[in-house]
Number of protein chains: 2
Amino acid sequence: MPPAPGDRDARREDVSQAVWRILADHGFGGLTLRAVAAEMGVSTGMLMHYFPTKRALVGHALHLLEQHTSARPRRPRPAEGAAALRAVLLDVLPLTPDDAARNRVWVSSWDLALADDGLRADQAGRYVRMRAAIRPHLEAARRLGELPPEADLDRLAATAVAFVHGLVVQALFDAERFPPDTQTAMLDDFLASLLSETPGGSAG
Amino acid sequence: MPPAPGDRDARREDVSQAVWRILADHGFGGLTLRAVAAEMGVSTGMLMHYFPTKRALVGHALHLLEQHTSARPRRPRPAEGAAALRAVLLDVLPLTPDDAARNRVWVSSWDLALADDGLRADQAGRYVRMRAAIRPHLEAARRLGELPPEADLDRLAATAVAFVHGLVVQALFDAERFPPDTQTAMLDDFLASLLSETPGGSAG
DNA sequence: TTACATACCGAACGCTCGTTACGTACCCCC
DNA sequence: GGGGGTACGTAACGAGCGTTCGGTATGTAA
């Protein structure tokens, strides 16, 4: 293979695909330079030309995970407000094998992320963005009267993310007990109770 | 040190404490025989007398985690129904440093558990038990009229667990943005919307 | 043709891991 | 007061890890 100067990005893309396969099969715990090199059929030295250190490769893997997440096929957003929110949250749940693989990688990254302050901050930022992505739909829902005017949208966004990710974890561990239609029904019930919230809630 | 035959349990208890300190500080990813031995100031050979293999030690660590979880200080259960459910769920949230450490260990164990079929089944069983522990309070709530008669209690239990654990994860990654009172307020809002669910929910 | 930079391989380094073998101190029992 | 089994410490093994390094092609430039 000639050292064509423009191939660097293509090579990094090859590495990305190998990294993703490793992650899907063995999680972040199985992400080693040798495993990636073997997956590509190249040497570890070659890897170091593109990612000077393991940490750089891990960072790239996390970036890749985010990229795969944001580039995943999503349902059309049917409308504004609650219906759109439902579509967004449905796109998070592990309803297909691909979704399950991606979520499995996410969960497996938490062990690393909780142990490293930099990665922890990255993950915190990712959650901030996730909640921010939900907020516009909550605003629309409020505008449409689907939510009471005094609803705390930031808290609602965090609550929705909490419910969805908590459901993801349970579904990953017990796929039999949480088939796609059960997950969907749970989400619909959750949204129904959220949206039927009476102004001036009681508990406190 | 004499080989007093009754000291075996005491020694295992010493090991347990060291294991727990390692888990709290570095998670399951940092649980190595050498780390535990160094924490106790003994040799790795000594460890192997009490846990013949690493897997045995990991199993013990998981058992220890469950033990710490079930033996944690809990608030009094004020009453039946929704109030009791609130207390149960509050006891899960990382409101104190100890709670945070325990939850951090839980999350860090998921990486291992998702990679090993046996451990995954264990974790699935743990979730089954967690939902089963919540169900009686939901039944009481329904009996007290705090829930509509046709509510699906199994699904509600799973939903409550999902919300709480999803909140745990977000709080672990971003403690600043999820101080104890914010977590409590979110839980109260969540419960309020759950309990105000109107019979014959809409979405679906 | 020579000189040089790039791309990559293969092998090795130093380290840590789980695990094992061996030596020794100790207590119990005779 | 000597066996013998238990309870360790010490040291090492082999494997796997991230990383480094020397060598070898292949391209471009003079």
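Residues numbered from 1 in each chain as written. Chains lettered and ligands numbered in written order. Predicted model: local features only at pLDDT ≥ 70, side-chain atom pairs only at ≥ 80, totals over all residues. Heavy atoms only, no water.

Caption draft 1: Just the interface of chain A and chain B, in detail. Taken together, the contact between chain A and chain B spans 44 residues of the former and 44 residues of the latter. Inspection of the chain A/chain B interface yields 2 salt bridges. Only α6 (97-115), α7 (117-143), α8 (153-173) and α9 (180-195) of chain A provide two or more residues apiece to the side of chain A that touches chain B. Sorting elements by how many residues they give to the side of chain A that touches chain B places α8 of chain A first, with 12 residues. Its residues assigned to classes, the side of chain A that touches chain B comprises 23 nonpolar, 11 polar and 10 charged. (Contact = heavy atoms within 4.5 Å. Salt bridge = Lys/Arg side-chain N within 4 Å of Asp/Glu carboxyl O. Helix = DSSP H or I, 4+ residues; strand = E, 2+ residues; numbered from the N terminus. Nonpolar A, V, L, I, M, F, W, Y, C, P; charged D, E, K, R; others polar.)

Caption draft 2: Spotlight on the protein's contact with DNA strand D. Close contacts around DNA strand D come from 18 residues, with T53 and K54 of chain A together with S43, H49 and Y50 of chain B the closest. Taking the atoms of DNA strand D that fall within 4 Å of the protein, sugar and phosphate contribute 58% of them. R11 of chain B is positioned such that a nitrogen or oxygen atom in its side chain is 3.4 Å from a phosphate oxygen of DNA strand D. Within the side chain of S43 of chain B, an N or O atom sits 2.5 Å from a phosphate oxygen of DNA strand D. Taken together, the elements giving at least two residues each to the surface near DNA strand D come down to α2 (33-40) and α3 (44-50) of chain A together with α1 (7-26) and α3 (44-50) of chain B. The dominant element in the surface near DNA strand D, judged by the number of residues it contributes, is α3 of chain B, at 3 residues. Of the residues contributing to the surface near DNA strand D, the split by class is 8 nonpolar, 5 polar and 5 charged. (Near = heavy atom within 4 Å. Polar contact = N/O pair within 3.5 Å; in protein donor to acceptor, adjacent residues only side chain to side chain.)

Caption draft 3: A look at the packing of helix α4 (residues 54-70) of chain A against α6 of chain A. Residue and element names in this part refer to chain A. At a minimum axis distance of 11 Å, the contact between α4 and α6 shows a crossing angle of 145°. Classified by chirality, the crossing of α6 by α4 is left-handed. For the pair α4 and α6, contact is made by V58, L62, L65, E66, H68 and T69 and by R102, V105, W106, S109 and L112, respectively. Its residues assigned to classes, the contact of α4 with α6 comprises 6 nonpolar, 3 polar and 2 charged. (Axes fitted to C-alpha atoms, helices over the stretch in contact; angles between N-to-C directions. Left-handed = near helix turned anticlockwise from the far one by under 90°.)

Caption draft 4: Region of interest: the relation of the copies chain A and chain B. In the superposition of chain A on chain B (RMSD 0.3 Å, axial shift 0.0 Å), the rotation amounts to 179°. Here the copies are linked by what is in effect a two-fold axis. Comparing interface residues between copies, 100% of those in chain A also lie at the interface in chain B; the contact surface is shared. (Least-squares fit on C-alpha atoms with pLDDT ≥ 70 in both.)

Caption draft 5: Inspection of the domain arrangement of chain A at higher detail. Residues and elements named next belong to chain A. Splitting chain A by domain gives domain 1 (5-68) and domain 2 (74-195). The C-alpha centroid of domain 2 is placed 28 Å from the C-alpha centroid of domain 1. Each partner contributes residues to the interface: domain 1 has 13 residues there, and domain 2 has 11 residues. Taking both sides of the interface into account, the surface hidden between domain 1 and domain 2 amounts to around 1,100 Å²; carbon and sulfur atoms contribute 65%. In this assembly, domain 1 and domain 2 are joined by 3 salt bridges. With its nearest N and O atoms 2.2 Å apart, the salt bridge here joins E66 to R129. On inspection of domain 1 and its partner domain 2, the count reaches 4 residue pairs in polar contact (both at pLDDT 80 or more). Listed by contribution, the elements that provide at least two residues to the side of domain 1 that touches domain 2 are α1 (8-26) and α4. Among the elements that take part in the side of domain 1 that touches domain 2, α4 stands out by supplying 6 residues, more than any other. Looking at the side of domain 1 that touches domain 2, its residues break down into 7 nonpolar, 3 polar and 3 charged. (Domains from an automatic or database assignment. Buried area = accessible area lost by both parts, 1.4 Å probe.)

Caption draft 6: Geometry of the pattern of salt bridges. Residue and element names in this part refer to chain A. Here the structure, examined in full by the defined rule, presents 32 salt bridges over all chains. The partner of R11 in a salt bridge is D14, and the shortest N-O contact between them spans 3.5 Å. Of the two residues, R11 and D14 are both situated in helix α1; the distance of 3 residues between them amounts to about one turn of the helix. On the basis of relative accessibility, which here comes to 24%, the residue R11 falls in the partly exposed class. A residue is classified by how much of its surface remains accessible, and D14, at 33% relative accessible area, is partly exposed. Between R86 and D188 there is a salt bridge, with its nearest N and O atoms 2.5 Å apart. One end of the pair, R86, is in helix α5 (residues 82-90); the other, D188, is in helix α9, with 102 residues separating them in the sequence. Taken together, the salt bridges that share partners define one network made up of E66, R126 and R129. (Buried < 20%, exposed > 50% of the residue type's maximum accessible area, 1.4 Å probe, protein only.)

Caption draft 7: The arrangement of the protein's contact with DNA strand C in detail. Taken together, 21 residues surround DNA strand C, and among them H49 and Y50 of chain A together with R34, T53 and K54 of chain B come closest. Take the atoms of DNA strand C that sit within 4 Å of the protein: sugar and phosphate atoms are 56% of them. R11 of chain A places a polar side-chain atom, nitrogen or oxygen, 2.8 Å from a phosphate oxygen of DNA strand C. A distance of 2.4 Å separates a phosphate oxygen of DNA strand C from a polar side-chain atom of Y50 of chain A. Among the elements that line the surface near DNA strand C, the one with the most residues is α3 of chain A, at 5 residues. Looking at side-chain class alone, the surface near DNA strand C contains 9 nonpolar, 7 polar and 5 charged residues.

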